[in-house]
Amino acid sequence: MSSELDSGSQLGVLYYCPCSGCMRTTDAPVKASKQKREFAELAEECRAPLDISTQEQLAVLRTWPIEKLYYCDDCSEVRCPHCVIEEPAGYHCPNCTFDVPTASVRSEKNSCARNCFHCPVCTHVLVVVVVESTQGDGGQSCSVLSCAVCMWDSREIGWEFETSTGISAQIERMRTGGPAVKEYASLLDYWRTVQRTASATAAGNHGLTSSASFKHRLTSAGLHGSTTSVDSLPPYKAACYVDSGAELTEDFKALEDANMIPFNGDPRTKEPQRVRLHMKLSRRCRMCHHILIKPESKAHNSRFKIQLLAANFLPTITFPNTLPAPKARGSLLEHLNTTPLRVGSTAPVVLRFTNPLYTEMDVSVDVGELDAAQTDVLAPRFTLPPFAELWEYDEDEDDSSLASPSASSSGRGSGKRGIIHQHGNQIAIQLDVTPRAQTQKLTIPLCITCTHLDDMAEMDTSDTSTPRRIVNTFWAYVSLGMVN
Amino acid sequence: MGRLHLAPQALVCKNTILEGDIRIGNGTVVHIDASIIAKNGPIIIGSNNIISDRVRIINNHATPLVIGDNNQIETDAVIEGRGIGHKNVVQVRGKVVGTSTLGNNCVVGVMCETEPAENVPDNTILFGNPQSRRTRSDNNAEYLEVHNKHLQYVHEMLPRYNAIIGAE
């Protein structure tokens with residue numbers, strides 16, 4: 001239940017990432033070690049790196065719910081979305097979910113090359129529909145693009161297609177079939193012929209330059225005779241346009257009055273736009289370039305090949321509402337975390353830590369300095385059991401010291417003071433919070449240090465004696481809501 | 001009390017709420033859970049309409065509420081105005097409110113409403129959120145073919161699974 005810190009929710013836990021967010025990778029090793037040192041100093045002095053009560057805007061940039069954080073197991077460090085490098089892992093059309101090969105992305109200008117278009121009126125995606133044709137003799141069927149929401153039709157701009165597939169290709173052909181393009185093509189042909197005859201005669205005048213041109217001259221001389229020259233070629237005949245010089249000058253004079261020119265705007269805004277392609281991104285650690293997230297490149301497959309999330313390496317901190325009671329009682333511990341906070345009175349706050357690893361994790365919780373409230377962590381050091389199948393867990397050891405802060409745990413059962421509940425790989429601990437001042441949002445910084453033994457065997461080293469210890473220290477900002 | 005005139009080919013489910021003076025034309029289908037409540041004035045429904053489930057057709061005015069032919073009124077729509085014409089589509093949760101009327105060939109889009117007191121002209125399409133409107137440029141020629149197929153299908157299948165008024 002680690003909810004995002006927005007104005008609506010009361011309780012939440014945010015994790016702080018100490019990166020600077022804009023580190024160049026060449027400076028990375030130097031800056032990283034410096035940051036680590038500074039961070040360690042802060043942790044020792046229990047000074048929170050970010051005063052979240054006064055720097056809320058900055059908090060958005062630096063603190064994250066644990067769902068948004070990654071973890072580099074090479075560097076053994078948390079990575080936030082600012083300190084990862086994103087790169088595309090695949091391109092697809094969001095409408096037809098067609099996987100576009102990387103080579104075609106550039107040539108199709110990052111748009112879908114098939115039948116996917118946006119309606120120019122309401123921007124919904126258009127559907128290809130077979131209708132009766134309005135041109136030619138009625139009764140012929142043709143395909144048009146139509147919008148199901150606003151009932152727009154591509155017949156309104158005169159687009160009718162012969163087949164219902166490959167609409168993009170038909171549009172390209174329509175665009176290139178205009179008279180201007182045809183004229184240009186025939187002009188090009190004509191001048192190429194002129195150039196060929198000109199170079200042939202020129203080569204003939206200057207003597208042989210190569211055997212290829214010699215052969216060409218021989219064959220052309222054989223076909224056309226030696227009288228071919230540039231002057232004897234017929235003049236160019238316009239393929240599409242009619243030469244009407246006199247009329248043109250009249251039109252030109254009329255256009256001098258610029259106000260008369262009708263402005264219809266960009267015709268492309270009335271035309272359907274192609275659907276833009278979407279990317280799937282993979283993420284790498286900015287320091288060591290280890291891949292943290294690698295999705296399947298196929299569009300329809302939403303799994304991940306590699307998925308290194310912070311929640312899989314760091315304990316998740318949540319606010320439980322109810323906890324199953326110890327077996328002896330057979331009831332629920334209810335209404336946890338519902339005590340309203342008032343200045344001067346001590347309220348119990350229950351936090352639950354969940355261990356995602358397959359090894360034991362030693363956790364120590366220290367409170368950062370805070371003027372707004374005094375917090376007592378009743379269980380500052382505890383060990384989280386590893387994650388295993390439910391039936392492997394031993395009997396629960398429960399210790400309820402929740403009744404009131406004054407009636408401490410000394411009365412009941414075994415178990416450490418401050419640990420409310422223990423089940424499987426989760427431990428719920430109690431903090432006693434005494435606010436000192438009224439505030440809209442009381443946020444407590446906690447410095448959490450997790451230590452576990454690395455159970456992955458090192459491949460390159462032959463040192464099998466002691467597995468290495470991995471220590472992760474991070475700050476978590478726990479929001480408790482309003483204080484009256 | 002109210003009188004219900006059902007044309008011989010009309011198909012009205014038993015699990016509907018029908019109150020007041022109601023006349024339903026040939027071929028019209030009224031699905032389950034629809035309410036046709038003629039509170040103050042009568043409701044006259046034409047032929048070959050498809051009135052889907054949970055539709056509320058309520059006449060609070062003294063004048064008759066007239067629904068034309070070949071209309072399709074989709075799920076959870078509300079018709080409270082003075083009437084609609086022919087070949088209209090009122091889409092899911094669309095509303096004709098107040099004293100408004102719809103012309104012919106109109107489409108009231110999903111969750112769209114008419115103004116409280118307007119006569120929506122023919123061929124108008126209400127769509128989008130925020131709502132806007134435009135005029136359709138085709139003549140709605142392809143509508144009848146699909147509509148008749150829909151009608152045919154419903155006439156075949158609905159009596160197999162629902163109790164129908166008038167069926168013995």
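Quick caveat, the model's predicted, so the values are computed rather than measured.

### Focus: the nonpolar core
Grouped together as the largest cluster of nonpolar side chains are 53 residues, with contacts concentrated most on Leu351(A), Phe353(A), Phe382(A), Ile429(A), Ile448(A) and Leu480(A). The residues contacting Ile448(A), other than those within four sequence positions of it, are Ile317(A), Phe353(A), Val363(A), Ser364(A), Asn472(A), Thr473(A), Phe474(A) and Ala476(A).

### So, a nonpolar patch on the surface
Judged by side-chain polarity, Val92(B), Val110(B) and Met111(B) come together as a nonpolar surface patch covering roughly 270 Å² of accessible area. Mapped onto the elements of the fold, Met111(B) is located in the loop between β17 (107-108) and β18 (119-120).

### A look at the environment of Ala77(B)
Residue and element names in this part refer to chain B. Mapped onto the fold, Ala77 is located in the loop between β11 (72-73) and β12 (78-79). For Ala77, a relative accessible area of 0% translates into the label buried. Counting along the chain gives 20 residues from Ala77 to Ile57, while the straight-line C-alpha distance between them is 8.3 Å. Filtering out sequence-adjacent residues up to four positions away, Ala77 remains in contact with Arg54, Val55, Arg56, Val90, Gln91, Arg93 and Gly94.

### With respect to helix α4 (residues 167-176) of chain A
By the burial criterion, the buried members of α4(A) are Ile167(A), Ser168(A), Gln170(A) and Ile171(A). Buried residues along α4(A) cover an arc of 160 degrees about the axis, so they all sit on one side.

### Comments concerning the interface of chain B and chain A
Contact with chain B, which involves eight residues of that partner, is made by nine residues of chain A. A buried area of about 750 Å², summed over both sides, lies between chain B and chain A, and 55% of it is on carbon and sulfur atoms. Looking only at chain B, the three residues that lose the most surface to chain A are Phe127(B), Arg134(B) and Glu142(B), adding up to 55% of its buried area. At the boundary of chain B with chain A, the tally comes to two salt bridges. For Glu142(B), the salt bridge identified is with Arg155(A), shortest N-O distance 3.7 Å. Summed over the shared surface of chain B and chain A, the number is four residue pairs in polar contact (both at pLDDT 80 or more). Among the residues forming the side of chain B that touches chain A, the class breakdown is three nonpolar, one polar and four charged.

### What to know about the confidence of the model for chain B
Residues with a pLDDT of 70 or more make up 98% of chain B, whose mean pLDDT is 93. Scoring the predicted complex yields pTM 0.67 and, for the interface, ipTM 0.84.

### Brief notes about the pattern of salt bridges
All names here are of chain A. Here the structure, examined in full by the defined rule, presents 14 salt bridges over all chains. Here Asp153 and Arg155 are joined by a salt bridge, their closest N and O atoms 3.0 Å apart. Overall, Asp153 belongs to the buried group, its relative accessible area being 7%. Note that Asp454 and Arg468 form a salt bridge whose closest N and O atoms lie 3.0 Å from each other. Residue Asp454 is located in the loop between β23 (443-453) and β24 (469-479), and its partner Arg468 is located in the loop between β23 and β24; the two are separated by 14 residues in the primary sequence. For Asp454, a relative accessible area of 10% puts it in the buried group. What makes Arg468 partly exposed here is its relative accessible area of 37%.

### Examining helix α1 (residues 143-161) of chain B
Because the α-helix completes a turn every 3.6 residues, residues three or four places apart line up on one side. Residues and elements named next belong to chain B. Its 19 residues place the ends of α1 27 Å apart at the C-alpha level, agreeing with the 27 Å of an ideal helix rising 1.5 Å per residue. Bending of α1 peaks at approximately 25 degrees at the position of Val154. In this structure, the buried side of α1 is in contact with β2 (11-12), β5 (29-30), β8 (50-51), β11 and β14 (89-90).

### Comments concerning the side chain of Ser52(B)
Residues and elements named next belong to chain B. As for its position among the elements, Ser52 is in the loop between β8 and β9 (56-59). Polar side-chain contacts of Ser52 include one of 2.9 Å to the backbone oxygen of Ile73. Discounting chain neighbours no more than four positions away, the residues touching Ser52 are His31, Ala34, Ile73, Glu74 and Thr75.

### Some points on the state of the cysteines
Covalent bonding between the sulfur atoms of two cysteines is what defines a disulfide. All names here are of chain A. Tallying each qualifying case throughout the model produces zero disulfides over all chains. The closest cysteine sulfur to the non-disulfide-bonded Cys450 is located on Cys447, 9.6 Å from its own sulfur. Cys450 sits in the buried class, given a relative accessible area of 1%.

### Observations concerning the sheet that holds strand β6 (residues 35-38) of chain B
All names here are of chain B. Taken in spatial order, the five strands of this open sheet run β3-β6-β9-β12-β15, and their pairing is parallel. One side of each edge strand has no neighbouring strand; the edge strands of this open sheet are β3 (17-19) and β15 (95-96). Both β9 and β12 contribute to a ladder of two bridges, which runs parallel. Following the sheet pairing, Ile57 is matched in β12 by Ile79.

Reading the values: rules and limits
Residues numbered from 1 in each chain as written. Chains lettered and ligands numbered in written order. Predicted model: local features only at pLDDT ≥ 70, side-chain atom pairs only at ≥ 80, totals over all residues. Heavy atoms only, no water. Core = buried A, V, L, I, M, F, W, Y, C linked by side-chain atoms within 4.5 Å. Buried < 20%, exposed > 50% of the residue type's maximum accessible area, 1.4 Å probe, protein only. Contact = heavy atoms within 4.5 Å. Patch = residues over 30% accessible without salt bridge, like charges linked within 9 Å, V, L, I, M, F, W, Y side chains within 5 Å. Areas by Shrake-Rupley, 256 points an atom, 1.4 Å probe, with all protein chains shown as cover. Salt bridge = Lys/Arg side-chain N within 4 Å of Asp/Glu carboxyl O. Helix = DSSP H or I, 4+ residues; strand = E, 2+ residues; numbered from the N terminus. Arc of directions from axis to C-beta. Buried area = accessible area lost by both parts, 1.4 Å probe. Polar contact = N/O pair within 3.5 Å; in protein donor to acceptor, adjacent residues only side chain to side chain. Nonpolar A, V, L, I, M, F, W, Y, C, P; charged D, E, K, R; others polar. pLDDT = per-residue confidence, 0-100. Expected span 1.5 Å × (residues − 1). Bend = angle between axes of the 7 residues up to and from the residue. Disulfide = S-S within 2.5 Å. Pairing = 2+ DSSP bridges.

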